[in-house]
Amino acid sequence: MSYQFDTLTLHAGQTPDSEFGARAQPIYLSTSFVFKDAEQAAARFNMERAGHVYSRISNPTTAALEERIAALEGGVGAIAVASGQAALHLAIVTLMGAGSHIVASRSLYGGSHNLLEYTLPRFGIETTFVDPRNLDAWRSAVRPNTRLFFGETLGNPGLDVLNIPAVSQIAHEHGVPLLVDSTLTTPWLLRPFEHGADLIVHSATKFLGGHGTVVGGLLVDGGRFDWTAHAGHFPTLTAPYPGFHDMVFAEESSVAAFLLRARREGLRDFGACLSPLSAFQLMQGVETLPLRMARHAENARRVLDFLAQRRDAGAPISRIVHPECPDHPDHAVAQQLLPRGAGSVISFSLAGDRELGRQRGRAFIEALKVFSHLANVGDAKSLVIHPASTTHFRMSDAALAAAGIAPGTIRLSVGLEDADDLLADLARGLAAAGKVSVGSTPAPSAPATGAAA
Amino acid sequence: MNLLIANQTAYAYTGGVAAVATDADSARPAVVFIHGAGQDHSGWTLQSRWFAHHGFRVLVPDLPGHGRSAGTPLASIEEAADWIVALLDAANIQRAALVGHSMGSLIALDVAARAAPSRVSHLALLGCSVPMPVADGLLAAARDDEATAWQMINDWSHSPRGLLGGNTVPGVWLLGSNRQLMARQRPGVLLAGLDACRRYAPDAAALAQIDAAIHIVAGSADRMTPLRATLALQSLLPTAGLSTIAGAGHSLMAEAPDAVLDSLRGFLLP
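Residues numbered from 1 in each chain as written. Chains lettered and ligands numbered in written order. Predicted model: local features only at pLDDT ≥ 70, side-chain atom pairs only at ≥ 80, totals over all residues. Heavy atoms only, no water.

The name given to chain B in an unreviewed UniProt entry is Alpha/beta hydrolase, with Rhodocyclus gracilis as the source organism.

Keep this limit in mind: UniProt positions are given in the numbering used here, feature names are shortened, and annotations may be inferred rather than shown by experiment.
As recorded in an unreviewed UniProt entry, chain A goes by O-acetylhomoserine aminocarboxypropyltransferase and comes from Rhodocyclus tenuis. Regarding chain A, the relevant UniProt record gives this comment under Sequence similarities (unreviewed entry): "Belongs to the trans-sulfuration enzymes family." UniProt annotates chain A under Cofactor (unreviewed entry) with the comment "pyridoxal 5'-phosphate".

## Focus on the overall build of chain A
As a reminder, the rule being used: Per the convention used, a helix needs a DSSP run of H or I reaching at least four residues, while a strand needs a run of E reaching at least two, with both numbered from the N terminus. In this treatment the radius of gyration is a C-alpha quantity, and the globule benchmark scales as 2.2 Å times the residue count to the 0.38 power. To sort residues, take the accessible area from a 1.4 Å probe on protein chains only and compare it with the maximum for the residue type: under 20% means buried, over 50% means exposed, and anything in between is partly exposed. The convention is simple: Lys and Arg are positive, Asp and Glu are negative, and His and the chain ends are not counted. By convention, the charge on Lys lies at NZ, on Arg at CZ, on Asp at CG and on Glu at CD.
Within chain A, the regular secondary structure consists of 17 helices and 12 strands. Its C-alpha atoms give chain A a radius of gyration of 23 Å, within 12% of the compact-globule value 22 Å for 453 residues. For chain A, the spread of C-alpha atoms along the three principal axes comes to 75 × 55 × 40 Å. Split into buried and exposed, the 453 residues of chain A put 58% on the buried side. Averaging the coordinates of the 37 positive side-chain charges in chain A and doing the same for the 43 negative ones gives two points 5 Å apart.

## What about the packing of aromatic side chains?
Just so we agree on the cut-off: In this scheme Phe, Tyr and Trp rings, the latter by its six-membered ring, pair at centre separations within 6.5 Å, and the angle between planes marks the pair as stacked below 30 degrees, edge-to-face above 60, and tilted otherwise. For a Lys NZ or an Arg CZ to count as sitting over a ring, it must be within 6 Å of the ring centre and within 35 degrees of the ring normal.
Under the criterion given, the structure shown has 12 aromatic pairs over all chains. Taking the centre distance of 5.4 Å and the plane angle of 80° together, the rings of Phe348 of chain A and Phe364 of chain A count as edge-to-face. Separated by 16 residues along the polypeptide, Phe348 of chain A in strand S9 (residues 345–350) and Phe364 of chain A in helix H15 (residues 354–367) bring together distant segments of the chain. Under the relative-accessibility criterion, Phe348 of chain A is labelled buried at 0%. Among the residues examined, Phe364 of chain A registers a relative accessible area of 0% and is labelled buried. Linked through ring pairs, Phe33, Trp44, Trp50, Phe51 and Phe56 of chain B together constitute an aromatic cluster. One cation-aromatic arrangement involves Arg261 of chain A over Tyr241 of chain A; the distance from NZ or CZ to the ring centre is 3.8 Å. Sitting over the ring of Trp188 of chain A, Arg340 of chain A keeps its end group 4.1 Å from the ring centre.

## Describing the interface of chain A and chain B
Rules: It only takes one pair of heavy atoms within 4.5 Å for two residues to be counted as in contact. Buried area: the accessible area, evaluated with a 1.4 Å probe, that two parts lose upon being put together, summed over both parts. For this analysis, a salt bridge means a side-chain nitrogen from Lys or Arg found within 4 Å of a carboxyl oxygen belonging to Asp or Glu. Ten residues, namely Ala, Val, Leu, Ile, Met, Phe, Trp, Tyr, Cys and Pro, are considered nonpolar, four, namely Asp, Glu, Lys and Arg, are considered charged, and the remaining ones, Gly among them, are considered polar.
Of the residues lining the interface, 44 residues belong to chain A; the matching set on chain B comes to 38 residues. Each partner contributes to the roughly 3400 Å² buried at the junction of chain A and chain B, and carbon and sulfur atoms together form 47% of this total. Taken as a group, Glu48, Arg49 and Glu67 of chain A account for 19% of the area that chain A buries against chain B, more than any other trio of residues on that side. Inspection of the chain A/chain B interface yields four salt bridges. A salt bridge links Glu252 of chain A to Arg49 of chain B; the shortest N-O distance between them is 3.1 Å. For the side of chain A that touches chain B, the elements supplying multiple residues, two or more each, are helix H1 (5–11), helix H2 (38–45), helix H3 (60–73), strand S1 (77–81) and helix H10 (249–252) of chain A. Tallied by class, the residues present in the side of chain A that touches chain B amount to 18 nonpolar, 16 polar and 10 charged.

## Quick notes on the UniProt feature "domain: AB hydrolase-1" (unreviewed entry) in chain B
Mapped onto the present numbering, the UniProt feature "domain: AB hydrolase-1" (unreviewed entry) falls at residues 31–262 of chain B. Split by type, residues 31–262 of chain B is 44% helix and 15% strand. Its first and last C-alpha atoms lie 15 Å apart.

## Concerning the nonpolar core
To keep it simple, the criterion reads: Working definition of a nonpolar core: buried Ala, Val, Leu, Ile, Met, Phe, Trp, Tyr and Cys residues. They are joined through side-chain atoms within 4.5 Å.
Ile84, Leu98, Ile107, Leu123, Leu125, Ile210 and Leu237 of chain B are the most contacted members of the largest nonpolar core, which totals 61 residues. Beyond its immediate sequence surroundings of up to four residues, Leu123 of chain B is in contact with Leu98, Ala108, Leu109, Ala112, Ile210, Ala212, Ala213, Ile214, His215 and Phe267 of chain B. Among the nonpolar cores identified, the runner-up in size contains 59 residues, and Ala78, Phe149, Leu190 and Val333 of chain A belong to it.

## Topic: the confidence of the model for chain A
To keep it simple, the criterion reads: Confidence of the predictor in every single residue is expressed as pLDDT, which spans 0 to 100.
Here chain A shows a mean pLDDT of 93. Residues at 70 or above account for 96%. Confidence drops under pLDDT 50 across residues 442–453 of chain A; counting only partners more than four residues distant or on other chains, this segment forms 14 contacts.

## A closer look at the environment of Arg68 of chain B
Put simply, the rule reads: Contacts described as polar in this section are N or O atom pairs within 3.5 Å, which, within protein, must combine one atom able to donate a hydrogen with one able to accept it, while residues neighboring in sequence count only if both atoms come from side chains.
Note on placement: Arg68 of chain B falls in the loop between strand S4 (57–61) and helix H2 (77–90). C-alpha separation for the pair Arg68 of chain B and Ala12 of chain B, spaced 56 residues apart in sequence, amounts to 8.5 Å. Not counting the four nearest positions on each side in its chain, Arg68 of chain B is found in contact with Thr228, Ala250 and Glu251 of chain A together with Tyr11 and Asp62 of chain B. There is a polar contact of 3.2 Å between the side chain of Arg68 of chain B and the side chain of Thr228 of chain A. Within polar-contact distance, the side chain of Arg68 of chain B engages the backbone oxygen of Ala250 of chain A at 3.2 Å.

## Let's talk about the pattern of salt bridges
As enumerated under the stated definition, the model contains 27 salt bridges over all chains in all. With its nearest N and O atoms 2.6 Å apart, the salt bridge here joins Arg268 of chain A to Asp269 of chain A. One network of salt bridges, with partners in common, ties together Glu39 and Arg49 of chain A together with Asp258, Asp262 and Arg265 of chain B.

## Let's talk about the pairing of strand S3 (residues 126–130) of chain A
Residues and elements named next belong to chain A. Cut-off, in case you're wondering: Here, strands pair whenever DSSP counts at least two bridges between them. Handedness of a crossover is defined as follows: orient the strands so they point away from the viewer, and if the path from the first strand over the helix to the second runs clockwise, the crossover is right-handed.
Sheet analysis places strand S2 (residues 101–105) next to S3, joined by five bridges and oriented parallel. Looking at the pairing, His101 lines up with Glu126 of S3. This β-α-β element, S2 to helix H5 (residues 110–119) to S3, shows right-handed connectivity.

## A closer look at the domain arrangement of chain A
All names here are of chain A. Defined as follows: Each domain's limits were defined by an automated method or a database of domain assignments.
Each assigned domain of chain A is listed here: domain 1 (5–278) and domain 2 (289–435). With centres defined by C-alpha atoms, the gap from domain 1 to domain 2 works out at 31 Å. Carbon and sulfur atoms supply 68% of the area buried between domain 1 and domain 2, which totals about 2600 Å² over both sides. Summed over the shared surface of domain 1 and domain 2, the number is one salt bridge. Applying the counting criterion to the domain 1 and domain 2 interface returns eight residue pairs in polar contact (both at pLDDT 80 or more). Put simply, the parts of the chain that give the side of domain 1 that touches domain 2 at least two residues each are H1, helix H7 (164–173) and helix H8 (186–189).

## A few points about the UniProt feature "modified residue: N6-(pyridoxal phosphate)lysine" (unreviewed entry) in chain A
Residues and elements named next belong to chain A. The UniProt record annotates "modified residue: N6-(pyridoxal phosphate)lysine" (unreviewed entry) at Lys206. Here Lys206 shows up in the loop between strand S6 (199–203) and strand S7 (217–221). Apart from residues lying up to four places away in sequence, Lys206 is in contact with Thr183, Asn376, Val377 and Gly378. A distance of 3.0 Å separates the side chain of Lys206 from the side chain of Ser203, its partner in a polar contact.

In structure tokens:
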């Protein structure tokens, strides 16, 4: 019988080593693979026989990771690449070329926003950004040359929950697929294909890998979108491809044509492959995904409850942002799509406009001993950043407000430590922030704790 | 390529080479690969590409109502066998090797035993048994709850090893792709195929008199058409050879594509 999710996190895609019987996934750190004979060599090049030829295109270790993630997502297959950004790029360039158009949520990770807003237009691909909660905006942004909808399952920075059933329905009404970035949710919290998404990208660097040690990305195909039914929209999949003997990918594979082209062209020509060593490290993380995500969700709830209690008791907290909070605009959607939890990234704002908020943010961060001050999420260790003094420090208060960030906004990525230690750390930070008042200068303190935490 | 059969469009994959549908003078031996219930041509991609690039003329049709072919699924194995003969006519193929998997193997068998024995040079039967019983629970699921039927088929048609993956095609998750391929078919297609398999009861005497060369390929871990049932079939086909692929389940072309290809090469190459 088919295996359950937790079993697949440990076993899917991995065949015990036939030579030595190694139980762990071997790391095949080899650029290329010896052919048995000339017939096999020619057949592998012409896709008459399956197998590995050259590690830019495929590799046994990397393929095991790909299968595992595809199994966990309920997809038909996956491609591992060098980063989450490489996965997003590969998805887009596999589907379209110059003259195409994307409709995307405006609540995106900054790197993704930059790719769509500034970089891809240089190559003739334009994007219209919409409020992800405004379904009419998605619909009205569609143009005749629209080829993709794109959003994050949990958006940045407001933790918007993408209404995948509704947005995918609009996409499909217009003959385009929905691609979602599922980095913050992972398949343990949400399996987007079950709700209507067609393609998934992950920054595996975050919760999938889970230990802050390796950069990687994954592109997963649900196999549900019928490219042939919209053949005029997707000639990369439905028309002969001169770059591979006039292959028509949608005829070669009824359900995995997208992956076939992405590998045969995208990895071959753009070359953003994942190292087998990185694939191994990511698999190590995935093996404990269910255990880690459950603990992330549990600790996040403890932190949310703590922040709410402190706010009610008079701590200088003006706002707590997380989809599990009843006042979050997407609380109902989160209850529908994310019953196990809405992730462990939390943002909250320390009260105070302009300089007071910024000073309180700095004081809070500098008082922390356990949370590490750095620009990442999804580590096993708890992380914190103060956007107004770091990632967004050049922005005016007005620009920050437009991005949903207050001067005192703090972003937490709640890790796996003992929750009591995390709450004690946050209490330290709140106490320090509470001592800052208008015109005061924060007392000199120890350097930020990132390196030591 | 598209062909017109009984006034309906029929799609046939040609192994990745240009189609030569009207080339009646072609000296190349023809091979027709026939898919199983709820499937389409894409299950044969690897093997058919090899033969198409090694001197064979290849046709891999989507049966009526399946994949890219129009119409509704044919109600019986005999009707499907007659349709394969019509396919040969439409493609101007006088004689062909027929390679069938599961339901497709019954269709190939019926062409060789009843519909057009003289037009079959070779008969390769993969995942085959006669009779081919279908569990009542699976039939009921195919009728009332297709998603459950897809799950049951995935569970039963893959070997214990296959249920955990380790695909030779990099990055493709077999259970996911097989489920999605079944989900792509129109409602009722799977039920019609399973019911046709269940009802097929050929004349044993006709089977014994098949003139074509016969080769049976079985997966040792097949739970849909178990090896013991395949051996019983071999006893009905006195001239049939048998090759067993160790560890493979019913989805043997996907689980062991190279072993299947090598077995077919040994049988079909002059």
